[in-house]
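Coordinate inspection notes
Okay, here's what each chain looks like letter by letter:
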Amino acid sequence: MLRPYPDFRVIAALLLAALVATGCSTPGPSGPAGRTTAPAQPATAAAAAPAADEHSNVLRATLANGLRVVIVRDTLAPMVTTQVTYLAGGYETPPGFPGTAHALEHMMFRDSDGLSGAQLNEMTAKMGGENNAFTTSDATQFYFVAPSAYLDILLEIEAHRMRGALLTAKDWDAEKGAIEQEVSGDIADPGYRAFIEAERTLFAGTGYAEDALGTRPSFDRTTAQTLRSFYDTWYQPGNAIFVIVGDVDPAATLARMKELFGGIASKPVPERAPVALAAVKPRTIEMTTPRGTGSVQFLYRMPGMMARDYAAAQVLVDVLGNPRSALQELAAQGKVLSADADTEPFSRGGIVQVEVGFPKGGDAKEAQAHLEGVIDTLLKDGVSPDLIAAAKRSEQAQFEFNRNSAVDLASAWSQALAWQGLDSPEAALRAIEAVTPADVDRVAREYLRADARVVVVLTPSETGERAANSRGFGGSESFGSKEQLGVPLPAWAADPLAKLEPPHWTLGPTRTTLPNGITLIVQPESVSRTVTVVGHIDHDATLQEPAGKEGVARVLAGLFDYGTTTLDRSAFHKALDDIAASESAGTDFSLMVLSRDFDRGMQLLADNELDPALPTHAFSIVQKTTARALAGELQSPRYRMSHALRQGLLPAGDPHLREATPASVNALTLADVKSYYASAYRPDLTTIVVVGDVTPAAARETVMRWFGRWRATGPKPDVIPPAVPVNKPGYATVPNPYSGQDEVVMAQILALDLGNPDRYALELGNDVLGGTGFASRLMADIRIRHGYAYDARSELSFDRSRSAFYVSYASDPDKVPAADALVRENLERMRTQPVTEAELANARQYEIRSIPIAVSSVNRIARSLVAWSYRGEPLDQPMVAAKHFLALTASDVQAAFAKYVKPGNLMQVVQGPAPAAH
C-alpha cells in the first residue's frame, strides 16, 4: 500500500521495547493492504446450491438474497476470521462527498437495531477478539478475528449490522469529530498529501480522483441522511461477499448463515458509472517533509485489478522489487539511499509508484536522473525474462504461504472475489502463470511513459506548513458521548461468554540444544507445503559496540545483502529466486521456503549468516549511505521525540543513551565491522525456530548440516542491560510545523522485570485502563465521552532487567491539557480504587480468550516461540499467564498499580504544534 500513516504510536512502542529489551524484532500486527473492489454481481432470484471447491475444505454458496458466502476450514489454531466486504467505496460516493463510504464504515461500529456500539465493543473484548474495518476506492470491508467457539456471535453481529444500522443524527454528531481527528492525523504527512494530488491528476474526471479518506469540509456537509442514503443504496446482501476461514464446520456454518442472513431482504444496486480515462497531464509535485530522508517518486496509472493486463502489471512490479533488478541495484551501488516499487490497485484502474531515496541536503535531481535511467533502459531493452520467471515463482510460493494464516487466506479470497471479480485465488494465480515476457514488456511500454506520469519530490526540511483543513477538531461539544462500559449483552452473546475456561493449547514444540550451543525449537504444522524459520541472536548493540564504534551493528546489518564468500550479491539472490525463497540475515534472521526446498534454503541462509562476504566496496557504500541517512534522521521530529523520551527515562551514562552519528559511522573501518561480527554473532546465543511441513528429526538434521560448523570463541558477551531506577518526572516538546495535532507519549520505567509475577496484575489492570480499545477506560473517557482524541491507549513492555509503561494519544493542541488531566485521573483511580468485578472479568476474558489468536499463524507461532525461549520463559507462556490471571483479584490489581505506576514520575513528550500551557 502506498499511502503513509502517522506512526507515533509505533515510534513509542519501538522506543519502549528498545529501552527494556535486548531485542527480538517482532513486527506488529499488520492490517489488510489497501485494495479495491469489483462491481457486484446481480442478486439471484433463488439460492445457488452449495458447491464444494476443488479443495474439499472449501464450501461456497449464494443465498437467495444474493449474498455470496465462502467458508474455508483451516485447523491451524482454534480461531476464525470473518471478512464482510460491501462492494461500495470511494468510487460510489456522491459528488462533493468523497468520504461518505469512510464515514459509513465508522458508523457501522455505532448502534444497530438490537446491538449498541457499546455492546459491540464489550463483546469483542470479552471474546479476546480483534475487529476493524477499512475503506478503499471500490469496497469497504469489516473483519473480525476471534476464537472459533464464538463464530455464532460474529455472525450475529454482522447480521445485525447488514441492514440494521440506525445511523442516527446523534451518533453521526458523535462520530464526525472522531473521523475528522483521523483525517487530521493522516494529512499531516506531506507524502500522503502528495499522493492525493497525484491521484487527482491521474484519474481526473473519474470516481477515482478523490481519495476514499474524505476531507473535513466533506464531513461538515455530510448528514445522517447522507449516510442513510448511501447505506440503503449500496449495503445490500446482494452487494456483499462474506468470507469465513478458520477451525469451523463448513456445512453447519452455512446452515447458520442461511438462518441469520437468508431472510434479509435485498434490492439491486445502481450501475457503476463508467471509468472514462482522459490523457494524463504530466506534472511535478514538490513538497518538503519532516522525515530524515527525501524521495523522488514516479507515479503512473496501471491496469485495474479486473483488467486482463493486471497480472502482467503485478509481475512487472515484482520484477522492479527484485534485489537483482536495475532499480534495486541503484541502492546497492550507493547511487541512491533506497529504492522501491509499490502499487495502489483499484478494480478498474490503479497507481504504480516507483521511488528512490536521497539524503537530507542531497541532490534530488541526481536521484531523479538515476530513476529515469532505470525506467528508460527497461523500456528500451525490455524486462529480463529471468526476473519475470522469478516473479512468477514468487507469486506461486506466496499462494502456498497464504495457507499459513487464516487471515491471509481469507484476504486472498476476498481480494479475488470482491476486488478482482474472479472466482477464486486460484484464478488469480492462473492469470499470473499465464503471463509472458511479451505481456510484461507491452504493459511496461504502455504505462511507464514519461508523458503520462506524475513526479513527486519530497525534500527533507525542518520548515514546513500544516495541511489546510487540519485545524482543531473534536472536543466534548462535537463528538462526546455518554456511552458507559460494562453494558448488558444480548442473550446470544452473554450466554456463550458466561463461562471462562483456559483454551486448549495447540502447540507441542520440541526443544534441543545442539553441540555448538544453538537452541533449536521445532513445531511441525501441515497446513501448507512450506517451512518458516525464524532465528535470533541474543544481543544488545549498545552494550556490545566498542566505545567510539557506535553504528557498527547498523553498518554490518546493511552488508548481509551483498552475498556470501561463495556467492556474490547477484548469484546469492539468484539462488534464492531459483527456489522462490524469502531470506534475511542478521541478529534476527529468517527463511520462508517451500518444504521441498527446505534443505537448499537452509544452506543459503547459513551461508549468508555464517559467511557473509563483507566486501570492501560494499562496506564503503553502506558506510556512506548510513552516515548520510543518519545526518537527516537525527534532525527529524521522529528521532527527536525518541531522543527526548530516552533522555527523560534513563539515567545519565546509561548504555541505551549511546547513539550512532555520522561522525562515528564515518570513522569505522571494515576491520571494525568484522571484529564486531566475530564477537556478537555466536551460536551459543542463538535460537532457531522451525515451523511447518517438516519433522523434528529432519529439521535437526538439516540445521546441523548447515549450522553445525558454527563455533563460538571467547567468553559470552553481556547482552542484558543493568536495571535502572524509576525515572524522575519530565516534560519536553518537539516542534513539528507539519502537524496539526500534538502526538503525546507519557512514559515511565517500572521497578520490576519479566520474572516478577506482579507483571500479570499490571497486565490485567492495563487491559482495564487502556489495552482493550473501546472497551477500556481511556478510550471511553478521552474519546467517547469527551472527544479529545481519536485514539488513546496504554501499553506495557517487560524484559529481563527493565520494564516500562506508557500512554499515547494524538489531540489538538488546545485539548492536550484536558486529555492529560484525564490520563492522570485514570491512573490515580487505578492506584487508589479496585477495578470493578465486571472490569476484572472482562480483562481476564480478553487475556485468556485471546491466547489462540496470539498463535494463529505460522509466523506468529515462530516469533512467539523465539521470544519465549531467549527471554527464558516456558514455551507455553500464555497458559502459565492464564493461571495467574484466573487467580488475581481486584485488590491485587490495585496493589500492583499503587506499587509500580507513579503518575508523578511520568516523562511526557509532545510532538507537534506548541500545546496549550502545560
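This text goes with the structure placed above it.
These numbers come from a predicted model, not from an experiment. (Residues numbered from 1 in each chain as written. Predicted model: local features only at pLDDT ≥ 70, side-chain atom pairs only at ≥ 80, totals over all residues. Heavy atoms only, no water.)

One water molecule sets the probe size; rolling that probe over the atoms shows where empty space is left. With the rule as written, the count across this model stands at five cavities of 30 Å³ or more. Size it by volume and the second largest cavity reaches roughly 110 Å³. Contributing elements (two or more residues each) for the lining of the second largest cavity: α14 (406-419) and α15 (425-433). For the lining of the second largest cavity, the element with the highest residue contribution is α14, accounting for three residues. Counted by class, the lining of the second largest cavity contains seven nonpolar, three polar and two charged residues. (1 Å grid on protein atoms, 1.4 Å probe; cavity = no way out; pocket = protein on both sides within 12 Å on 5 of 7 lines; lining within 4 Å. Points joined across faces, edges and corners; volume = space filled by probe spheres on them. Helix = DSSP H or I, 4+ residues; strand = E, 2+ residues; numbered from the N terminus. Nonpolar A, V, L, I, M, F, W, Y, C, P; charged D, E, K, R; others polar.)

The next thing to look at is the packing of helix α10 (residues 310-321) against helix α13 (residues 385-401). It is at 9 Å that the axes of α10 and α13 come closest, and there the two elements cross at 105 degrees. Judged by the inter-axis angle, α10 sits roughly perpendicular to α13. On α13, the residues that touch Gln 314, Val 315, Asp 318 and Val 319 of α10 are Leu 387, Ile 388, Ala 391, Lys 392 and Glu 395. Taken together, the residues of the contact of α10 with α13 sort by class into five nonpolar, one polar and three charged. (Axes fitted to C-alpha atoms, helices over the stretch in contact; angles between N-to-C directions. Parallel < 35°, antiparallel > 145°, perpendicular 65-115°, else oblique. Contact = heavy atoms within 4.5 Å.)

Right, let's get into the pairing of strand β5 (residues 130-135). Alignment of β5 against strand β6 (residues 140-147), held across six bridges, turns out to be antiparallel. If you follow Asn 132 over to β6, its bridge partner there is Tyr 143. Counted between consecutive antiparallel strands, the loop separating β5 from β6 contains four residues. (Pairing = 2+ DSSP bridges.)

On to the pattern of salt bridges. Per the stated rule, a full pass over the model turns up 57 salt bridges. When the shortest N-O distance is used, the salt bridge between Glu 210 and Arg 200 registers 3.1 Å. Here the residue Glu 210 occupies a position in the loop between α6 (190-202) and α7 (216-221), and Arg 200 occupies one in helix α6, the gap between them amounting to 10 residues. Residue Glu 210 is classed as partly exposed on the basis of its relative accessible area, which comes to 31%. (Salt bridge = Lys/Arg side-chain N within 4 Å of Asp/Glu carboxyl O. Buried < 20%, exposed > 50% of the residue type's maximum accessible area, 1.4 Å probe, protein only.)

Glancing now at the packing of aromatic side chains. Centre-to-centre distance and the angle between the planes together describe a pair of aromatic rings. Using the criterion set out here, one finds 20 aromatic pairs in the structure. Relative to Phe 707, the ring of Phe 589 lies with its centre 6.2 Å away and its plane at 15 degrees, an arrangement referred to as stacked. Here Phe 589, found in strand β17 (residues 588-594), pairs with Phe 707, found in helix α27 (residues 696-707); they are 118 residues apart in sequence, far enough to count as distant. Of the two residues, Phe 589 and Phe 707, both sit in the buried class. (Phe/Tyr/Trp six-rings, centres within 6.5 Å; stacked < 30°, edge-to-face > 60°.)

A few words on the sheet that holds strand β23 (residues 907-912). Pairing in this open sheet of five strands is mixed, and the strands run β19-β23-β20-β22-β21 from one edge to the other. Each edge of the open sheet is held by one strand with a lone partner, namely β19 (730-735) and β21 (789-798). Strand-to-strand twist of the sheet, defined as the mean angle between neighbouring strand axes without regard to direction, takes the value 15 degrees. Inspection of the sheet shows β21 paired to strand β22 (residues 803-811) by eight bridges, in the antiparallel sense. By the bridge assignment for β22, Glu 795 is matched with Tyr 806.

On to α14, then. Between the first and last C-alpha of α14 there are 19 Å, a value that for 14 residues agrees with the 20 Å anticipated at 1.5 Å per step. Buried residues dominate α14, accounting for 12 of its 14 residues. Taken together, the buried positions of α14 are Ala 406, Leu 409, Ala 410, Ser 411, Ala 412, Trp 413, Ser 414, Gln 415, Ala 416, Leu 417, Ala 418 and Trp 419. The opening residue of α14 is Ser 405, an N-cap whose side-chain oxygen sits 3.3 Å from the backbone nitrogen of Val 407. Looking one or two residues past α14, Gly 421 carries a phi angle of roughly 70 degrees, positive in sign. (Expected span 1.5 Å × (residues − 1). Polar contact = N/O pair within 3.5 Å; in protein donor to acceptor, adjacent residues only side chain to side chain.)

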